[in-house]
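Tertiary structure, described
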Amino acid sequence: MLNSKIVGLGHYVPERVVTNEELSGMMDTNNEWIIERTGIEQRRFIDPAKDTVANMAAKATHMALERANLEVSDIDFIVFATITPDYFFPGSGVLLQRELGLESIGALDIRNACSGFIYALSTADAFIKTGMYKTILVIGAEIQSTALDLTTRGRNTAVIFGDGAGAAILQASDHKGVLSTHLHSDGRFAEELYVKDPGSSRPHAERQPEQILDTSSFKVHMNGSMVFKHAVVRFSEVIMEALEKNNLTKDDIDLLIPHQANLRISQFIQKKFELADDKVYNNIMRYGNTTAGSIPIAMSEAFGEGKIKPNDLICLAAFGSGFTWASALIRWS
Ligand code: COA
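1. Some points on the overall build of the protein
Tallying secondary structure elements over the protein gives 11 helices and 13 strands in all. Since a compact globule built from 333 residues should have a radius of gyration of about 20 Å, the 19 Å found for the protein is in line with a globular shape. If you line up the protein on its principal axes, its C-alpha atoms span 55 × 50 × 35 Å. Looking at the protein as a whole, 55% of its 333 residues are labelled buried. Considering only contacts in the protein between residues 6 or more positions apart, those separated by 24 or more positions represent 76%. As presented, the protein carries roughly 14600 Å² of accessible surface, and 51% of it is formed by carbon and sulfur atoms.

Right under this line is the structure:
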């Protein structure tokens, strides 16, 4: 059986920095509340005249290709994780394929929210292990800002989310890179963190936008405390599952890169696994929660800062809407 390894990482975040103070001018919130509950100090919002999910992903891709010393033409498949595609359909994978100038390679879209990047990585890893593709571009990218309710009504979600894109190039390899991936879901909690519209669950009359008087169903609905409670349990379980599968222990982890949902969740996991500060990478302070973008952005930054070294054991873990949760263990080479 073939193996897969990450040969390049890249990321792109929009230029516009939005501080907690700026949000406090739009809604009834404040810097102290946001930092205390989430750890977030600022996030990036797109310029709608310039940034799209696909072109942010393209910028992240070019960075990853350069670091990998590869050309766009080396990519033979795209797996694109996003819940905020540029269009309701088609997904952003084909838009990225077009943007990169790749003529007819396949593009697959993944909609597993905050777990989306690990689901995408797992899919790409499986494709490589079957020998179907050799070089797969794996993307996590989101534009959350333009859907946020930036009034006091939406403050429990508006302060959390941000925009950005991350890319990883996965290649067939003789060495074991991706050791294992673990994917889970529990749809009983689907409505605890979701956006209802434009969904097909409505009868015909209600699916006509001009009939929808209350547009709050187009915004993120989140039961914050329910998400928090499940996240801490599932993060722990899925990290343990990955370690046990590979006969490893928490002491073998060189760097844990948790999905950047909330700094408090990351700190809870760090404490539970008794990991030193330099063994957990967080950047939620600067970017907020970029959903599928968060893990590849963090991985790319950690790599750029020299925090991912050859032979390191990297653990990725995520939890989010669905509920879905996932982990991956990677031996860096
Ligand atoms: N600024 C100021 N006050 C706010 C606020 C904001 N941005 N958002 C909510 N509040 C208020 C609430 O209205 C509530 O007021 P009340 O007590 O007068 O009713 C109070 O703060 C507490 O709200 P609550 O929702 O219970 O706070 P919390 O301690 O659960 O923190 C979250 C809210 C969202 C920060 C927290 O639940 C959380 O982080 N959950 C996980 C979310 C997450 O990770 N989502 C991403 C999933 S991948």
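There's plenty left to go through after this.
2. Considerations on the sheet that holds strand E1 (residues 3–12)
Pairing in this open sheet of five strands is mixed, and the strands run E1-E7-E6-E4-E5 from one edge to the other. Of all strands in the sheet, those with a lone pairing partner are E1 and strand E5 (106–110), marking the two edges. Averaged over all adjacent pairs, the angle separating strand axes in this sheet is 20°, with direction ignored. Bridge analysis of strand E4 (residues 77–81) against strand E6 (residues 135–142) gives five bridges, and the strand direction is parallel. When the sheet's bridge partners are listed, Ile78 is paired in E6 with Leu137. Lying on the sheet, helix H4 (residues 92–99) is in contact with E4, E5 and E6; it crosses E4 at an angle near 130°.

3. Things to note about unusual backbone geometry
Cis geometry is found at the peptide bond from Phe89 to Pro90, where omega equals -5°. Assignment of secondary structure puts Pro90 in the loop between E4 and H4. Even without glycine at this site, Glu274 takes up a positive phi of about 50°. Within the secondary structure, Glu274 sits in the loop between helix H9 (263–272) and helix H10 (284–287).

4. With respect to the pattern of salt bridges
Inspection of the entire model under this criterion finds 14 salt bridges. Arg16 is the partner of Glu22 in a salt bridge, and the nearest nitrogen-oxygen pair spans 2.5 Å. Taking the relative accessible area as the measure of exposure, Arg16 reaches 39% and is therefore partly exposed. Across the salt bridge formed by Lys129 and Asp125, the nearest N and O atoms sit 3.0 Å from each other.

5. Here we look at the packing of aromatic side chains
Scanning the model with the defined rule gives seven aromatic pairs in all. Ring centres of Phe77 and Tyr133 lie 4.4 Å apart, and the angle between their planes is 10°; on these two criteria the pair is classed as stacked. Taken together, the residues Phe77 in strand E4 and Tyr133 in the loop between helix H5 (116–129) and E6 connect sequence positions 56 residues apart. In terms of burial, Phe77 and Tyr133 fall into one category: buried. With a centroid separation of 5.4 Å and an interplanar angle of 75°, the aromatic rings of Phe127 and Tyr133 are classed as edge-to-face. Residue classification places Tyr133 among the buried positions, given a relative accessible area of 18%. An aromatic cluster of three or more residues is present, and its members are Phe189, Phe319, Phe323 and Trp325. Above the ring of Tyr12, the side-chain terminus of Lys59 is found at 4.6 Å from the ring centroid.

About the thresholds
Residues numbered from 1 in each chain as written. Predicted model: local features only at pLDDT ≥ 70, side-chain atom pairs only at ≥ 80, totals over all residues. Heavy atoms only, no water. Helix = DSSP H or I, 4+ residues; strand = E, 2+ residues; numbered from the N terminus. Rg over C-alpha atoms; globule rule 2.2 N^0.38 Å. Buried < 20%, exposed > 50% of the residue type's maximum accessible area, 1.4 Å probe, protein only. Contact = heavy atoms within 4.5 Å. Areas by Shrake-Rupley, 256 points an atom, 1.4 Å probe, with all protein chains shown as cover. Pairing = 2+ DSSP bridges. Axes fitted to C-alpha atoms, helices over the stretch in contact; angles between N-to-C directions. Salt bridge = Lys/Arg side-chain N within 4 Å of Asp/Glu carboxyl O. Phe/Tyr/Trp six-rings, centres within 6.5 Å; stacked < 30°, edge-to-face > 60°. Lys NZ or Arg CZ within 6 Å of the ring centre and 35° of its normal.

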